[in-house]
Structure formats: C-alpha cells, structure tokens
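As a plain string of letters, each chain reads:
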Amino acid sequence: MTSSSSPSQDAKRTAHAYPEGLRADALMEEDVAWSHEIDGERDGDQFDRSERAALRRVVGLSTELEDVTEVEYRQLRLERVVLVGVWTTGTAQDADNSLAELAALAETAGALVLDGVIQRRDKPDAATYIGSGKALELRDIVLETGADTVICDGELSPGQLIQLEDVVKVKVIDRTALILDIFAQHAKSREGKAQVALAQMQYMLPRLRGWGQSLSRQMGGGRGGLATRGPGETKIETDRRRIREKMAKMRREIADMKTGREIKRQERRRNKVPSVAIAGYTNAGKSSLLNRLTGAGVLVENALFATLDPTVRRAETPSGRLYTLADTVGFVRHLPHHLVEAFRSTMEEVGDSDLILHVVDGSHPVPEEQLAAVREVIRDVGATDVPEIVVINKADAADPLVLQRLLRVEKRSIAVSARTGQGIAELLALIDDELPRPEVEVEALVPYTHGKLVARAHTEGEVISEEHTAEGTLLKVRVHEELAADLAPYTPVSAT
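Along each chain, residues carry numbers from 1 onward, in the same order as the chain's sequence is written. Where totals are concerned, whole chains, interfaces and linings use all residues; where local detail is concerned, this predicted model gives features only for residues with pLDDT of at least 70, and gives and counts side-chain atom pairs only at 80 or more. Only hydrogens and water are removed before side-chain values are computed, so all heavy atoms of the structure are retained for them.

Caption draft 1: Quick look at the overall build of the protein. In this description a helix means any DSSP run of H or I spanning at least four residues, a strand means any run of E spanning at least two, and both kinds are numbered starting from the N terminus. The secondary structure content of the protein amounts to 18 helices and 14 strands. Once local pairs closer than 6 in sequence are excluded, the contacts in the protein between residues at least 24 apart make up 68%. Total accessible area on the protein is roughly 26,800 Å²; 51% of this is exposed by carbon and sulfur atoms. What makes two residues a contact is simply this: any of their non-hydrogen atoms within 4.5 Å. Each accessible area value is a Shrake-Rupley result obtained with a 1.4 Å probe; residue values ignore everything except the protein chains displayed when judging cover.

Next up, the structure:
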C-alpha cells in the first residue's frame, strides 16, 4: 500500500507542526500510527516490528523433570537440547505444531528438551538457517539453559551446519539426522538395520568434514622415486571412497533380502490370497490395530517409530475369506528422502496390496496434516491406484467435532478404537466388502474322495452354499479361474 503524498512532503508537514525537540518523537508516532484508509485493507493480523523480528518462545515444550521420583519411570536422557524452527508458511499454530512434533521426536531419541524458539522468515537463511543476528541470540539461550545440542526443524545443508555450530559453539543437528537416529535405535531385523545404515551413509557422505591430518595428502605408491610425484589422496577422500564402497555393498545386501520378500509375495499371489496393508502416521496406532485384528502381539508403545520392521499376519473376514494383514513403517512430515529410498522394498508392501487401511490419529490437533503427509509418501512409492479406507483411530479420546469433520470429508472412512474395540466389527465387515472377490461362480458336486478341492474352495474362494449329499459335497462358490478349471469336471449336468 502507498499513500498519496510523498515522504518528503510528510517530513515538511511534520517539521511545521512540531517544535524541533519533538520532531523525532512525532516521526516515530507517525511510523506506528494506525490508519483505517491504509491499514484497514491489510490481510490478517499485523505484528509489531519488534515482534516480527524476534525469536518467539514456544511454551510447553520443556520435558525437564521437576519431581526427582519420576526418574525411574523415564528412559535415560543423554542430551539437553534446544529446538529451533523457521516459520515460512501457514499460521503460527502450524509452526507451533511442527515444533511440538520435533520435541516428541527429540524425546523419543533420548533427549531432554529445554526450550524451543521460532523465527519468522520468508525463507531459511542460506548461511546460518536463522540469520547471523538470531544465531547470536540462540547462543545466549544455549548458554542460559546449559544445552549441549541444537536441533533445527528442517534439513540443513553442510554449510549451514558448520556456520551455525561456529556461532552457537555446541553440536547442531537437523530433523533428518534426528529421525535417522531414532530409526537406528529401533531397527531390530537384519533388513531394517541394513536399510537404516544405507540411509545414514547417504546422509553423511556430503557432510564429511576434514581438518588437520584429514586434509593431508598420502604418499604415492612405491617407496620413493618417481612413484611419489603428484598429489596423493587425502584422508577425507579416502573416507568418502570407503563410504561409497560400503553403500554399494549395502544395496546388494538389501536387493538380496528383497528377493526373499518378493518370493513370499509371489506365493501369496499364486494362492490368490488378498493382502491388506496398514499405513499411517507414526504413533497413530497401526500396531495396536494389527494386534486387535489378528492378535499378532506386536510391540505397542506410546513413542514415535516404536516398530520399524514390517509384520505380516494371516487374518479372516467375517464371511470366512482368508487374507494377509501387513503392518508397515510409520510416516512423518518431511520424511527424509534417504529413508524413503532405503525403505522402498519395505514400502512396496503398500503398493502390492489389494487394500490400504490408512490409519490416522483422531486425537491429533490437526489430523488432516497427517493424512496429507502419508498420502505424499504413498504417491512416492506408486500406490495411488490401490483402494483406501481411512481408519480414524483413538475415537475414544478424540474430539467429537473432529471425528464428524473427518467422517464428512473422507467418504470411505470409519472411526474405531484399537484400545477399547469400538468399531472393530464394522471395520472387519468393511474390509470384507472392499477386498477383491473371485471372478468365477461355480456349482460343483465334488466326490468325497476329492476333499482337497473342497478345502481349496474354502481357503481360496468364497463359499456361497454347501450341501452334503449321497454322491458328494454340492458346492456353490466364487473362485478364481484356475480353481474353476479344476472343479469343471464335477459340474452337475443341470448346471452346465
């Protein structure tokens, strides 16, 4: 917005209206005065200049213990951290929610959150992420709280990490490194550990630092003479080469593990067993839902990324149809692309499934953001064509208005509680309706000497009716084409 008069004319009017001693005060009053003509058309709330330029404290993030008797009920805290976020888009509440999630991630990794601050900027500073002046203010906060680590709510470049550490004088990590650390703690299977190790090496390779002996050059081959001429390989170059070699070896190992997983999938496809994949935001209750539906006994913990290794269990619909239920790794906003690539073989369970149960935490302040974050990863692994049922979990603890809003917006959705069992029967019936059904309907009189065909009809197809007669078992079933061909010799003459 611009006014009709020029700045020089405004200054002249101010000079005539006020004595010399009050001229500066008048100019300051004009600077902060509110005009209905000019300011009334501004969109949104307007902040004071000092408030816009300040590091804003986020209240309620500290996890420091006040009662020492609680120590035995908490995991050991190894690091004292201060959280830093840059608010570029969205509302202030969105920025607070993002930093609150970062605090939950830090606590899951075993850190003690002391404080959290947010800087309002158009985009992160290319040098120090929050700007040189705010970096000095952050250093004062670190000294005041006694923190030994700063965690930034975003992925920092190697230059930003180095320059911010030079200012605050403590270790600086970003959101990606924090999530990788949590994955490294929670991975239990051989495949999970290999995938996490590959993602960590991909992240670490461009961030290797060299100083002192790391930058000195090694002597060339041989013991002197002509072989020593020319620059040798530096220590940091040697480290990078070894990391690349380890990454190549890790990719081969993961490819071999993927072969075993693919063989199991092919066996399920050969037997025409439908598959259902449970996907969703971390800590939304996927493992709890798997336990409720199948009694799998998977670890359930109120922590982010408590279970990483996929679990596949056999389940049965209310009508007696068999299917497999697979629990996949949890997702989170801004999931590092290193992890998406490393866990691609695991996430293929979602792409190869016949139905996705998209679990969302109904008690979360903004569940729509969880839905968007998970669907972004599902799109990355190429599973957009798979039918989806939105399962709103924790309905017993959710706000009724939030549940109504989600059920109205998401047309194929259902509210359940894995803890109390609310809505589980309705969910099983919905899974039964949504799973693909065999394409051929057959009526056959199977002799009692061929009981295996009857067993296959129960396990691989959908039995509509069954009657035991003197000649054999009279079946009316829906089956796939291969089993229909095996039952064709026993089709009654009246049915052909």
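Okay, back to it.
Caption draft 2: Quick peek at the sheet that holds strand 3 (residues 111-120). Taken in spatial order, the five strands line up as 1-3-2-4-5 in an open sheet, and their pairing is mixed. The sheet terminates laterally at strand 1 (55-57) and strand 5 (171-174), the two strands that pair on one side only. Averaged over neighbouring strand pairs, the angle between their axes works out to 30° when direction is ignored. For two strands to be treated as a pair, DSSP must find at least two bridges joining them. To obtain an axis, a line is fitted to C-alpha atoms, over the contacting stretch when the element is a helix, and the angle between two such axes runs from 0 to 180 degrees between their N-to-C directions.

Caption draft 3: How the structure looks around the sheet that holds strand 14 (residues 473-479). Sheet architecture is open: three strands sit in the order 12-14-13, paired in antiparallel fashion. The strands lining the two open edges of the sheet, one partner per strand, are strand 12 (440-446) and strand 13 (462-468). For this sheet, the mean inter-axis angle between neighbouring strands, taken without regard to orientation, is 10°. Strand direction decides the pairing type here: strand 13 and strand 14, joined by six bridges, are antiparallel. Residue pairing across strands places glutamate 466 opposite leucine 475, the latter belonging to strand 14. Across the face of the sheet, helix 17 (residues 451-460) comes into contact with strand 12, strand 13 and strand 14 while running at roughly 145° to strand 13.

Caption draft 4: Layout of the UniProt feature "binding site: Mg(2+)" (unreviewed entry) in the protein. UniProt positions are given in the numbering used here, feature names are shortened, and annotations may be inferred rather than shown by experiment. The UniProt record annotates "binding site: Mg(2+)" (unreviewed entry) at Ser287 and Thr307. Here serine 287 lies in helix 11 (residues 286-294).

Caption draft 5: Seen up close, the side chain of aspartate 361. Mapped onto the elements, aspartate 361 comes out in strand 9 (residues 355-361). A distance of 3.4 Å separates polar atoms of two side chains, one belonging to aspartate 361 and the other to lysine 394. Apart from residues lying up to four places away in sequence, aspartate 361 is in contact with Asn283, Ala284, Pro367, Gln370, Asn393 and Lys394. We call two N or O atoms a polar contact when they sit within 3.5 Å, provided that within protein one can donate a hydrogen and the other can accept it, with sequence-adjacent residues counted only if both atoms are side-chain atoms.

Caption draft 6: Examining the pattern of salt bridges more closely. The salt bridge criterion pairs a side-chain nitrogen of Lys or Arg with a carboxyl oxygen of Asp or Glu, the two atoms within 4 Å. In the structure shown here, the tally under the stated rule is 16 salt bridges. A salt bridge links aspartate 125 to arginine 121, with the nearest nitrogen and oxygen atoms 3.7 Å apart. A salt bridge links arginine 478 to glutamate 441, with the nearest nitrogen and oxygen atoms 3.6 Å apart. Taken together, the residues span a long stretch of sequence, with arginine 478 in strand 14 and glutamate 441 in strand 12 at a distance of 37 residues. Each residue is assigned to one of three classes by its accessible area relative to the maximum for its type, calculated with a 1.4 Å probe on protein chains only: buried under 20%, partly exposed between the two thresholds, exposed over 50%. On the accessibility criterion, glutamate 441 (44% relative accessible area) is partly exposed. One continuous salt-bridge network, built from bridges that share partners, spans Glu101, Asp153 and Arg175.

Caption draft 7: Quick peek at the nonpolar core. In plain words, nonpolar cores are sets of buried Ala, Val, Leu, Ile, Met, Phe, Trp, Tyr and Cys residues tied together by side-chain atoms within 4.5 Å. Formed by 88 residues in total, the largest nonpolar core has its most connected members in Leu83, Phe331, Leu357, Val391 and Leu427. Here the bounds of each domain stem from an automatic or database domain assignment. In this structure, this core is formed jointly by two domains, domain 1 (80-186) and domain 2 (273-434), each of which donates at least three residues. Residues in contact with phenylalanine 331, not counting those within four places in the same chain, are Ala279, Gly280, Tyr281, Thr282, Met347, Val374, Val377 and Ile378. Val454, Ala457, Val477 and Val479 belong to the second largest nonpolar core, which has twelve residues in total.

Caption draft 8: View of helix 5 (residues 92-108). The terminal C-alpha atoms of helix 5, which comprises 17 residues, lie 25 Å apart, in line with the 24 Å expected from a rise of 1.5 Å per residue. Those residues of helix 5 that sit buried are Ala95, Asp96, Asn97, Ser98, Leu99, Glu101, Leu102, Ala103, Leu105, Ala106 and Thr108. Here the buried face of helix 5 lies against strand 1, strand 2 (79-87), strand 3, strand 4 (149-152) and helix 8 (175-186). Among the residues trailing helix 5, glycine 110 stands out with phi positive, at a value near 100°. The span one expects for a helix is its residue count, reduced by one, times 1.5 Å.

Caption draft 9: Seen up close, helix 17. Taken residue by residue, helix 17 has Leu453, Val454, Ala457 and Glu460 as its buried positions. Buried residues in helix 17, looked at end-on, bunch into an arc of 150°, giving them a common side. Summarising the contacts, the buried residues of helix 17 are in contact with strand 12, strand 13, strand 14 and helix 18 (481-487). This arc describes the spread of directions from the helix axis toward the C-beta atoms.

Caption draft 10: How the structure looks around the confidence of the model for the protein. One confidence number per residue, pLDDT, is output by the predictor and ranges from 0 to 100. Per-residue confidence for the protein averages 77 on the pLDDT scale, and 74% of its residues sit at or above 70. A low-confidence stretch, residues 26-32 (pLDDT under 50), is modelled with five contacts involving residues beyond four sequence positions or located in other chains.

Caption draft 11: A look at a positive patch on the surface. Together, Arg242, Lys246, Lys249 and Arg252 give the surface a local cluster of positive charge. By the secondary structure assignment, arginine 242 is in helix 10 (residues 235-270). Residues enter a patch when their relative accessible area is above 30% and they make no salt bridge; the linking distance is 9 Å between like charges and 5 Å between nonpolar side chains (Val, Leu, Ile, Met, Phe, Trp, Tyr). Residues scored as positive are Lys and Arg, those scored as negative are Asp and Glu, and His as well as the terminal groups of each chain are ignored. For this purpose, a charge sits on NZ of Lys, CZ of Arg, CG of Asp or CD of Glu.

Caption draft 12: Seen up close, unusual backbone geometry. The phi dihedral of lysine 169 is positive, around 65°, even though this residue is not glycine. Looking at where lysine 169 falls in the secondary structure, it is placed in the loop between helix 7 (158-168) and strand 5. Although it is not a glycine, lysine 394 adopts a positive phi angle of roughly 60°.

Caption draft 13: Representation of the packing of helix 6 (residues 132-145) against helix 7 in the model. Direction vectors running N to C along helix 6 and helix 7 enclose 50°, while the axes themselves pass 8 Å from each other. In terms of axis orientation, helix 6 runs oblique to helix 7. Between helix 6 and helix 7 lies a crossing of right-handed hand. Where helix 6 approaches helix 7, its residues Ala135, Leu136, Leu138 and Arg139 are matched on the opposing element by Leu164, Val167 and Val168. Roughly parallel refers to an angle under 35 degrees, roughly antiparallel to one over 145, roughly perpendicular to one between 65 and 115, and oblique to any angle outside these ranges. Handedness of a crossing is defined here by the sense of rotation of the near helix relative to the far one, left-handed for an anticlockwise turn of less than a right angle and right-handed for a clockwise turn.

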